[in-house]
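Letter by letter, the chains look like this.
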Amino acid sequence: MAYLNFSELQGSPIAAPADVRPATGFSGLEWQVVAIAQHDRLASLEKPSRLSMALGMVFGGEAPNPKLADQKLEALRRVAVLAWHKGYALPRHEIRAFHEAGFTPDQYETLLASISRGRAALNLGKRFQ
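Residues numbered from 1 in each chain as written. Predicted model: local features only at pLDDT ≥ 70, side-chain atom pairs only at ≥ 80, totals over all residues. Heavy atoms only, no water.

Asker: Looking at this structure, how should I read the overall build of the protein chain?
Answerer: Of the regular secondary structure elements, the protein chain holds five helices and zero strands. Taking all 129 residues of the protein chain together, the buried fraction comes to 33%. Residue pairs at least 24 apart in sequence account for 70% of intrachain contacts in the protein chain once pairs closer than 6 positions are excluded. For the protein chain, the accessible surface area stands at approximately 9,000 Å², while carbon and sulfur atoms represent 57% of it. (Helix = DSSP H or I, 4+ residues; strand = E, 2+ residues; numbered from the N terminus. Buried < 20%, exposed > 50% of the residue type's maximum accessible area, 1.4 Å probe, protein only. Contact = heavy atoms within 4.5 Å. Areas by Shrake-Rupley, 256 points an atom, 1.4 Å probe, with all protein chains shown as cover.)

In structure tokens:
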């Protein structure tokens, strides 16, 4: 069994590429949103149904993550969650919302390339377990 030391990554966004230029990059907070989105489920993007909310109140189930208060960060989170789960296959309306939130096409490409590298590294790590 192989051992991977992830302690070096603590406190730093794992999806941040080293070669990002400031003009096309993201702030530290935005990279943290991308890193946190890696652990969010696709269900966190959907509005919970009345039945699921009622069952959650009765049985105390785990609720999906609430939306971020900042609309720009929420648009980033939504695209990042989808990219972590589906790669480059993102719905057009999410891409449009990402751009309407104020992100540039260069930032979109940077985000997808970074998450793609992160997904590849995770898949490589799974092979050696």
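There's plenty left to go through after this.
Asker: Before we go on, may I ask you to explain the pattern of salt bridges in this structure?
Answerer: Between side chains of opposite charge, a pair can form when the charged atoms approach closely. Taken as a whole, this structure holds three salt bridges when the rule is applied. In this structure, the salt-bridge partner of Arg78 is Glu94, at a minimum N-O distance of 2.7 Å. Here Arg78, found in helix 3 (residues 71–86), pairs with Glu94, found in helix 4 (residues 92–100); they are 16 residues apart in sequence, far enough to count as distant. Take Arg78 and Glu94: they sit in the same class, and that class is buried. Linked by salt bridges that have partners in common, Asp40, Glu74 and Arg77 make up one network. (Salt bridge = Lys/Arg side-chain N within 4 Å of Asp/Glu carboxyl O.)

Asker: Help me out: how do you make sense of the environment of Leu45 in this one?
Answerer: Position of Leu45 relative to the elements: it lies in the loop between helix 1 (28–37) and helix 2 (50–59). Sequence separation between Leu45 and Val79 is 34 residues; the distance between their C-alpha atoms is 9.7 Å.

Asker: I tried to follow the packing of helix 1 against helix 3 on my own but got confused; where do I start?
Answerer: For any two helices packed against each other, one specifies the inter-axial angle together with the distance between the axes. Orientation of helix 1 relative to helix 3, taken along the N-to-C sense of each, is 40 degrees, at an axis distance of 8 Å. Compared by their axis directions, helix 1 and helix 3 come out oblique. As for how helix 1 packs across helix 3, the hand of that crossing is right-handed. In contact with Leu29, Glu30, Val33, Val34 and Ala37 of helix 1, helix 3 contributes Lys72, Leu73, Leu76, Arg77, Ala80, Val81 and Trp84. (Axes fitted to C-alpha atoms, helices over the stretch in contact; angles between N-to-C directions. Parallel < 35°, antiparallel > 145°, perpendicular 65-115°, else oblique. Left-handed = near helix turned anticlockwise from the far one by under 90°.)

Asker: Could you clarify how one ought to interpret the side chain of Ser44 in this entry?
Answerer: Among the secondary structure elements, Ser44 is positioned in the loop between helix 1 and helix 2. A relative accessible area of 7% means that Ser44 is categorised as buried.

Asker: I'm lost on helix 3 in this one. Help?
Answerer: In an α-helix there are 3.6 residues to a turn, and that puts residues three or four apart on one side. In this model, helix 3 (16 residues) spans 22 Å end to end at C-alpha, consistent with the 22 Å of a helix rising 1.5 Å per residue. In terms of burial, helix 3 is a largely internal element, twelve of the 16 residues being buried. Residues Leu73, Glu74, Ala75, Leu76, Arg77, Arg78, Val79, Ala80, Val81, Leu82, Ala83 and Trp84 constitute the buried set of helix 3. Sitting at the amino-terminal end of helix 3 is Asp70, which places a side-chain oxygen 2.8 Å from the backbone nitrogen of Lys72. Note on helix 3: the residue one or two positions beyond its end, Gly87, has a positive phi of about 75 degrees. (Expected span 1.5 Å × (residues − 1). Polar contact = N/O pair within 3.5 Å; in protein donor to acceptor, adjacent residues only side chain to side chain.)

Asker: What's the story with the side chain of Glu30 in this structure? I'm lost.
Answerer: Its location among the elements puts Glu30 in helix 1. Within the buried core, Glu30 has no salt-bridge partner, and the shortest N-O distance to an opposite charge, that of Lys72, equals 4.3 Å. Of note is the side chain of Glu30, whose polar atom sits 2.8 Å from the backbone nitrogen of Ser27. Discounting chain neighbours no more than four positions away, the residues touching Glu30 are Lys72, Leu73, Leu76 and Phe103. (Lys, Arg positive; Asp, Glu negative; His and termini not counted.)

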